[in-house]
Amino acid sequence: MKKHSPILPVSGLSDDLQALLKDLPYFTPEETFGNIGRGDPNPAKFDDATNRRVGLHRDTWKLEIEADSEHPRPDCLLMNPLLEKNGNAIDYAQLQKIAVNKRIAFPKLMTCLNLPEPLGMGMWVGVPLRDILMLAEPSILVRRVFFYGYHNDDIEQRFQASLSINRILEDPPGMPPIILCYEVNGMELTPARGAPVRIIAPESYGFRSVKWLQKIVVTHDHRANDTYAEWNKGKGHWDWGNDTEASMKLVARFHKPPDSINAGQPIPLTGIAQVGIHGLSAVEVAVVPWEKEQKDFFKLTPENALSWKAQLYEDADWQLATLLEPSEEYTHHHMRPELKGRIWGMDTNSGLPSVWPMPFTLCNWAIVLNSLPAGKYTLICRAVNRHGVAQPLPLPSPKSGMSAIQKHTIVVE
Ligand SMILES: Nc1nc2c(c(=O)[nH]1)N[C@H]1C(S)=C(S)[C@@H](COP(=O)(O)O)O[C@H]1N2
Ligand SMILES: [Mo]
């Protein structure tokens, strides 16, 4: 049986829930956005002079598009390579000129394949990558496109990610284009967000959204030899690489759940849901007898390889939470003159997403649980997709993105 949470505006909720939701913004302010970026020294912390010198300043930034030099005929991969030495690399002013006619915006939740909680929600603005890539005239031999961030000079620190040329040239149904992004939430990218220009890949985990972008390499190779495919190897329990073709999983999380509460009191709870490729139809919450901390499921033993079955909580008394309507912050972006008619997936009259909850974004939720007798319990929450498939399914492997059910201990006094 498919489950559907009701969808209500914040004003339709009880006062205690409204109070809890006050400090849960929709689009994430820059100060609280989570940062992931390797590099020692780290480009997020460069001063202005260093940024100018290394080409991470808007005045000095250059994007090169070149052919894979290991291919037997690199001269047949790109008809018009864009290279600094040829004087035709793309600069920021040129990107902005192209953006006048081509810019597009879309909402996307930034989330790391290796972390349980999203990093932040953005309204990202940029130019479709295909419009820039085509300037370099890729040939019929190109099958994959690699993106490199600034620290590729030191081979040890190189960060690379890739996509098939097919994904770049034609968007699958229901997905915005891959963009060269220069702005988020109404601000030019900061160094921490990947300034001056980064990739944003809407349906993917963060590793594909390469920051401090400086080089694109086209290749006939079909393999996704990404940093995230190799990087985790040999690091304790992360002994195995990641599934680089994974798309964002559906995940529900509590927002600041209480550690203790008085017996006889109802328990108001709010949270967030990361919406996956098949949407979100319900969030559910349950209370189960107290469990010790989550086991280390990443350690590869035959027992753990199958242990996700114990994580389904099929017998729990799941209760439907309420989903919140899209934030009014969407309408603010919709009304910005420079974004008029350019935000992907929006209803042009209301300025709100045409489909809600919208895949690859964030949906907030709330519930009030009945009071509990004194004791120690574990709170769990899960999200259910449009086909009725509940978290951590369909793919519980953390190598394809975190979808484990969150557990939170609560003491009722
Ligand atoms: N150049 C570069 N880009 C990068 C990374 C990096 O280490 N170097 N980390 C990636 C990873 S793993 C994630 S999860 C996202 C995080 O984006 P954010 O810092 O804007 O939240 O950036 C991606 N882009
Ligand atoms: Mo990541």
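Provided above is the structure to which this section pertains.
Residues numbered from 1 in each chain as written. Chains lettered and ligands numbered in written order. Predicted model: local features only at pLDDT ≥ 70, side-chain atom pairs only at ≥ 80, totals over all residues. Heavy atoms only, no water.

Draft legend 1. Geometry of the overall build of the chain. Assigned secondary structure in the chain consists of 8 helices and 20 strands. Over its C-alpha trace the chain gives a radius of gyration of 23 Å, about what one expects of a compact globule, namely 22 Å for 413 residues. The C-alpha extent of the chain, read off along each of the three principal axes, is 75 × 55 × 45 Å. For the chain, buried positions account for 53% of its 413 residues. Here the contacts in the chain between residues at least 6 apart in sequence split such that 74% fall between residues at least 24 apart. Accessible area for the chain stands at about 18,900 Å²; split by element, carbon and sulfur atoms hold 54% of it. (Helix = DSSP H or I, 4+ residues; strand = E, 2+ residues; numbered from the N terminus. Rg over C-alpha atoms; globule rule 2.2 N^0.38 Å. Buried < 20%, exposed > 50% of the residue type's maximum accessible area, 1.4 Å probe, protein only. Contact = heavy atoms within 4.5 Å. Areas by Shrake-Rupley, 256 points an atom, 1.4 Å probe, with all protein chains shown as cover.)

Draft legend 2. Representation of the site of ligand 1. Around ligand 1 there are 21 residues in total, and Gly34, Arg38, Arg198, Lys211 and Tyr228 lie nearest to it. At 2.9 Å, a backbone N or O of Ile36 approaches an oxygen atom of ligand 1. Arg38 has a polar backbone atom sitting 2.7 Å from an oxygen atom of ligand 1. Coverage of ligand 1 by the protein chains reaches 99% of its 530 Å² of free accessible surface. Its residues placed into classes, the shell around ligand 1 shows 10 nonpolar, 7 polar and 4 charged. (Near = heavy atom within 4 Å. Polar contact = N/O pair within 3.5 Å; in protein donor to acceptor, adjacent residues only side chain to side chain. Nonpolar A, V, L, I, M, F, W, Y, C, P; charged D, E, K, R; others polar.)

Draft legend 3. Geometry of the environment of Thr32. Note on placement: Thr32 falls in the loop between helix H1 (15–21) and helix H2 (48–54). Put simply, Thr32 and Leu119 are 87 residues apart on the chain and 8.7 Å apart in space, counted from C-alpha to C-alpha.

Draft legend 4. View of the sheet that holds strand E18 (residues 362–369). The 5 strands lie next to each other as E1-E17-E18-E14-E12, forming an open sheet whose pairing is mixed. Taken across any chain shown, the strands that pair with only one partner, and hence form the sheet edges, are strand E1 (7–8) and strand E12 (251–254). With 8 bridges connecting them, strand E14 (residues 267–274) and E18 associate as antiparallel partners. Residue pairing in the sheet places Thr270 in a bridge with Ala366 of E18. (Pairing = 2+ DSSP bridges.)

Draft legend 5. Layout of the packing of aromatic side chains. For the structure shown, the criterion picks out 12 aromatic pairs. Their ring planes at 85° and their centres at 6.5 Å tell us that Tyr92 and Tyr182 sit as a pair that is edge-to-face. Placement of the pair is Tyr92 in helix H3 (residues 92–102) and Tyr182 in strand E8 (residues 179–184), with a sequence separation of 90 residues. Taken as a pair, Tyr92 and Tyr182 share a single burial class, namely buried. (Phe/Tyr/Trp six-rings, centres within 6.5 Å; stacked < 30°, edge-to-face > 60°.)

Draft legend 6. Fine view of the nonpolar core. In terms of nonpolar packing, the biggest core is built from 100 residues, with Phe147 and Trp365 touching the most fellow members. The greatest single-element share of this core, amounting to 6 residues, is contributed by E18. Core analysis: the second largest hydrophobic core is formed by 7 residues, Val288, Tyr313, Ile380 and Ile405 among them. (Core = buried A, V, L, I, M, F, W, Y, C linked by side-chain atoms within 4.5 Å.)

Draft legend 7. Representation of the pattern of salt bridges. Across all of its chains, the model carries 18 salt bridges by this definition. In this structure, the salt-bridge partner of Arg167 is Asp171, at a minimum N-O distance of 2.9 Å. One salt bridge in this structure joins Glu203 and Arg167, with 2.6 Å as the shortest N-O distance. Pair noted here: Glu203 is in the loop between strand E10 (198–200) and strand E11 (213–219) and Arg167 is in helix H5 (residues 165–169), with a separation of 36 residues, a long-range link. (Salt bridge = Lys/Arg side-chain N within 4 Å of Asp/Glu carboxyl O.)

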